[in-house]
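Reading the structure
The residues making up each chain are set out below.
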Amino acid sequence: MCDDPLLPASVARALADYRELRDTHGPCWGEPPIPYVVQAWATVFLDRRYNYWAAGLRQLAGRYPPEEAEDHLDEVDPERAVRDALAGDVPDNLAALRLTPEGFALEAVTRVVLDDRPFRTSLLLDSSVDEPVTVVVDGTPYEVPAHGALVAGLERDVSVDGEPVDLSPLRRRAEAATIRVRAGFPCRWSVTGADGQGWYPEGAPPKVDVHRRPFFHGDDLVIAVPAEPVTVAVARGMEYTASEVVITPEAGAETLVELAPERLYDAAARGWYGGDLHVHLNWMGEEPAAPELAAAAQHGEDLHVLNLVAGNVASGRVYDVEALEHWVGKDLPWSDDRHLARLGVEYRNDVVGHLTAFGLREPPSRYHAGFEGTVDWPPNSVALEELRALGGVTGYGHPFHTVFSDDDPPDVILNTGRNCAAREIVADAALGLIDTLDVLNHSSIAATATVYRRLIGAGNRLTVTAGTDAVLSFCRRGTASSPPGWERVYANVAGPLTAESYAEAILLGRTFATTGPWLELTVNGHGPGDTLELAPGQRVEIVVSSIGPEVESLEIRTAEGVLAQGPPGRLVASMTAGEPTYVVAVASGGPHPRTVHRSGAYAHTSPVYVDVAGGHVAREADVRWCLAWLDRLEVLLRRYGTFETPAQLDDHLELYERARAVYRARLPQGPTSLAS
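Just so it is clear, the model here is predicted, and its values are computed rather than measured. (Residues numbered from 1 in each chain as written. Predicted model: local features only at pLDDT ≥ 70, side-chain atom pairs only at ≥ 80, totals over all residues. Heavy atoms only, no water.)

1. What about the overall build of the protein?
Per the secondary structure count, the protein includes 13 helices and 38 strands. A globule of 676 residues ought to have a C-alpha radius of gyration of about 26 Å, and the protein, at 26 Å, matches this closely. Dimensions of the protein, computed from the C-alpha atoms along their principal axes, are close to 85 × 60 × 55 Å. Looking at the protein residue by residue over its 676 residues, the buried ones come to 59%. Expressed as a percentage of contacts within the protein between residues at least 6 apart in sequence, the contacts between residues at least 24 apart total 71%. For the protein, the distance from the average site of its 57 positive side-chain charges to the average site of its 96 negative ones is 3 Å. (Helix = DSSP H or I, 4+ residues; strand = E, 2+ residues; numbered from the N terminus. Rg over C-alpha atoms; globule rule 2.2 N^0.38 Å. Buried < 20%, exposed > 50% of the residue type's maximum accessible area, 1.4 Å probe, protein only. Contact = heavy atoms within 4.5 Å. Lys, Arg positive; Asp, Glu negative; His and termini not counted. Charge placed at Lys NZ, Arg CZ, Asp CG, Glu CD.)

2. Overview of the environment of R172
If you trace the backbone, R172 turns up in strand β10 (residues 171-173). For the pair formed by R172 and T110, sequence separation is 62 residues and the distance between their alpha carbons is 6.6 Å. Among residues more than four places away in sequence, those in contact with R172 are T110, R111, V112, V113 and E228.

3. A look at unusual backbone geometry
Residue W377 is joined to P378 through a cis peptide bond whose omega torsion reads 5°. Look at H147: it is not a glycine, yet its phi comes out positive at around 60°. On the accessibility criterion, H147 (39% relative accessible area) is partly exposed.

4. Concerning the side chain of T463
Along the chain, the position of T463 falls in strand β26 (residues 463-466). Using a relative accessible area of 4% as the deciding quantity, one classes T463 as buried. Reaching out from T463, the side chain makes a polar contact with the backbone oxygen of I506 at a distance of 2.7 Å. When near neighbours in sequence (up to four residues on either side) are disregarded, T463 contacts D435, T436, L437, Y452, I506, L507, G509, T511 and S606. (Polar contact = N/O pair within 3.5 Å; in protein donor to acceptor, adjacent residues only side chain to side chain.)

5. Let's talk about the pattern of salt bridges
Side chains bearing opposite charge may pair, as long as their charged atoms lie close to each other. Overall, the coordinates contain 49 salt bridges when judged by the stated rule. Put simply, D47 and R212 hold a salt bridge, and the shortest N to O gap is 3.6 Å. Note that D47 is positioned in the loop between α2 (35-42) and α3 (52-60) and R212 in the loop between β13 (207-208) and β14 (214-218), a separation of 165 residues in sequence. With relative accessibility at 19%, the residue D47 sits in the buried group. Measuring nitrogen to oxygen at the nearest pair gives 2.8 Å for the salt bridge that ties D126 to R98. Within this pair, whereas D126 is found in strand β4 (residues 121-127), its partner R98 is found in strand β1 (residues 94-100), the two being separated by 28 residues in sequence. (Salt bridge = Lys/Arg side-chain N within 4 Å of Asp/Glu carboxyl O.)

6. Notes on the confidence of the model for the protein
A residue-level look at the protein finds 99% of positions with pLDDT of 70 or above and a mean pLDDT of 96. Within the model, the stretch residues 670-676 combines pLDDT values under 50 with 10 contacts to residues more than four positions away or in other chains. (pLDDT = per-residue confidence, 0-100.)

7. A short note on helix α11 (residues 499-507)
Every buried residue of α11 is accounted for by A499, S501, Y502, A503, A505 and I506. Note on α11: the residue one or two positions beyond its end, G509, has a positive phi of about 80°.

8. Topic: the sheet that holds strand β15 (residues 221-226)
In space, the 3 strands of this open sheet follow the order β15-β11-β18, with mixed pairing throughout. Strands at the two margins of the open sheet, each flanked by one partner only, are β15 and β18 (254-258). Sheet twist, expressed as the mean angle between neighbouring strand axes with direction ignored, is 30°. Note that strand β11 (residues 176-182) and β15 share 6 bridges and pair antiparallel. Directly across from R180, in β15, lies its bridge partner V222. (Pairing = 2+ DSSP bridges. Axes fitted to C-alpha atoms, helices over the stretch in contact; angles between N-to-C directions.)

9. A word on the nonpolar core
In terms of nonpolar packing, the biggest core is built from 104 residues, with L308, I425, Y502 and Y663 touching the most fellow members. Setting aside anything within four residues of it in sequence, one finds L308 in contact with V279, H280, L281, A294, L332, W334, R342, L343, G344 and L472. Counting residues in each nonpolar core, the second largest holds 41 residues, with W29, L94, L124 and V471 among its members. (Core = buried A, V, L, I, M, F, W, Y, C linked by side-chain atoms within 4.5 Å.)

10. Observations concerning the sheet that holds strand β5 (residues 133-137)
The 4 strands lie next to each other as β6-β5-β8-β9, forming an open sheet whose pairing is antiparallel. The outermost strands of the open sheet, each flanked by one partner alone, are β6 (140-144) and β9 (163-164).

11. A look at the state of the cysteines
Counted under the stated rule, the structure contains 0 disulfides. Free of any disulfide, C420 has its nearest neighbouring cysteine sulfur in C28, separated by 15 Å. Cysteine C475 is unpaired, with the sulfur of C28 as its nearest cysteine sulfur at 14 Å. (Disulfide = S-S within 2.5 Å.)

12. Brief notes about the environment of L571
Within the secondary structure, L571 is located in strand β35 (residues 570-576). Spatially, the C-alpha atoms of L571 and H442 are 28 Å apart, while their sequence positions differ by 129 residues. Apart from residues lying up to four places away in sequence, L571 is in contact with I542, V543, V544, L554, E555, I556, A564, Q565 and G566.

13. What about the packing of α3 against helix α4 (residues 78-86)?
With their axes 8 Å apart at the nearest point, α3 and α4 run at an angle of 115° to one another. Pair α3 / α4 crosses with right-handed handedness. Residue-level inspection shows Y52, A55, G56, R58 and Q59 of α3 in contact with α4, the latter providing P78, R80, A81, D84 and A85. Of the residues belonging to the contact of α3 with α4, the class tally is 5 nonpolar, 2 polar and 3 charged. (Left-handed = near helix turned anticlockwise from the far one by under 90°. Nonpolar A, V, L, I, M, F, W, Y, C, P; charged D, E, K, R; others polar.)

14. A word on the packing of aromatic side chains
Applying the stated criterion across every chain, the model contains 18 aromatic pairs. Both rings, one in F185 and one in Y240, keep their centres 6.5 Å apart while their planes meet at 35°; by these two values the pair is tilted. Here F185 is found in the loop between β11 and β12 (187-193), whereas its partner Y240 is found in the loop between β16 (230-235) and β17 (243-247), with 55 residues between them in sequence. Residue class for F185 comes out partly exposed when judged on its relative accessible area of 27%. For Y240, a relative accessible area of 8% gives the class buried. With centroids separated by 5.7 Å and ring planes inclined at 80°, the aromatic side chains of F400 and W629 adopt a geometry described as edge-to-face. A residue pair is termed long-range when its members are at least 10 positions apart, and F400 in the loop between β24 (393-396) and α8 (410-413) and W629 in helix α12 (residues 620-640) qualify at 229 residues. W629 shares its class with F400; the two are buried. Cluster of aromatic residues (ring-pair linked, three or more members): Y265, W272, Y490, F512 and W518. (Phe/Tyr/Trp six-rings, centres within 6.5 Å; stacked < 30°, edge-to-face > 60°.)

15. Some points on the environment of L431
Position of L431 among the secondary structure elements: in the loop between α9 (425-430) and β25 (436-440). Every residue in contact with L431, bar those within four places of it in the chain, is listed here: L655, R658, A659 and V662.

16. Things to note about the packing of α2 against α4
Between α2 and α4, the least distance of the axes is 10 Å, while the angle of their chain directions is 50°. For the element pair α2 / α4, the angle class is oblique. Considering the relative orientation of α2 and α4, their crossing is right-handed. On the side of α2, the interface is formed by V38, W41 and A42, while α4 contributes P78, E79 and V82. Of the residues that constitute the contact of α2 with α4, the class distribution is 5 nonpolar, no polar and 1 charged. (Parallel < 35°, antiparallel > 145°, perpendicular 65-115°, else oblique.)

In structure tokens form, the structure reads like this:
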């Protein structure tokens, strides 16, 4: 019997294991409860309106000085933090049973149902009583601490001190109808009732994006809905507009809805292909994801390149390693001439950073370091060398999380412990060990763009890329449960789209990354990745253009800062060659329905490098900034790193010293200059 081409036997067995983990342990699949694992559970109930970390830090207030509190987030009571973050609000997937000295009351967003099948939800047990209270949920007793909170799964019945709780507020029965949605090509669909409740085809995971919009992918799909007004919306990634219609389907009948999005721009027709280089098929979550779901999402978003990465969470288990071993070096079965999917890797260390690899020919020998008390060794540089030897294009993902400005010293961004930031990149870039940086990411784009410009200003060659860190197995987790490709790196590919041609375009720096806007940059007709050889005093013309309703302003930046700024559409400036520099373009705008990132719309090109009289850009202020970064990183590593021998720490320090030598050699005074 042959394997299903989309579900080979080894992948099917792994998927069954993931389902068992989910059924046994819930959405964290039994992973060690380190802070970001617990936060992943919490964000199943908390959308971007609610700040889990702030609620957790309030719990720690008074127990630790403010500057130390983040080092103790593993001590937070997550169920209390969810209760406190909600501050009395009730989400649609978490009813609340308020326990008070006077009695109890159930609060819920009433859900519409079409039949009498068991209705499962989660229940927050929220006590304001001075002593513990026992609540029985579906036959299981829960002791709620005084003024505490617990979360329980609920399907049948609840009682408090033997008194049953009226569960009628949880559901409302409606007459059933059916709609069929059709665009003529795969799309992203959203079907919602007047109350915002989502409706899905049979078997589709109930996914919700960062804007709390339900969605699923495909075409010519049938959905059971109430015979009440529903809104049907259709979209197809950032190159298309969105369309919607409100209908009232007839009870017991099927209503056809034909609706299609319109193109805003066609990147592939210009030789540009957009990719998401950091997407997980499985990485905890409510619904383990099969490859079929990735195929539907890629085609439904018209995402040209999809890099599905195998990676661990907080233990030694590497999710989707079976898929990687089966398909490594091959296009995934749903690839075609406009859509390319590959299996790659996320290599993870929480002290010095997480990095991804695209285009691997073989699986690597290592996937992570520093988890479950193991040593933070070897440095990421060792993994980078191996991944490159296996054909991988490497880049740091979700790089920086702290608010950071152009004038801040490295201490501002290197201010906490194990937070997954891309700390080693300053050393790896100097030594030529890393290819790209995900300037477009789910963390702080502004901070990452600032660090990126410091790095290229200091003489490093790095390509701008994008990785959403979308996780297809999550249904409700903000940007992680949003569709892959909500940020993309567009690469100008020579010839047909292949893994090799796309990788080559990235390595040549022919890219821009975007939340949606189209962004073009030319310097004397040359685009990103090119190097201009100029004589002192020679003038160049710079042209930037954009497409997209979310763009509010355009910028032209050089190593010295903003050269020109203007409204969207087209921006032209000139520059006289003096010191060697670079030129990049930036497009930005506020929050917009087309934009998933909380900071708004953003696009950033890779540089056009401007050499003058044979000299390459190496701005002294940026070089010294990188040296200060390495000094601060050494302090941080000594404090937060885990090592069994001095030699393991020395391997990191030797890497930093080699990088320092490179930076010192770029200083005007020569290689003996001090970094201070």
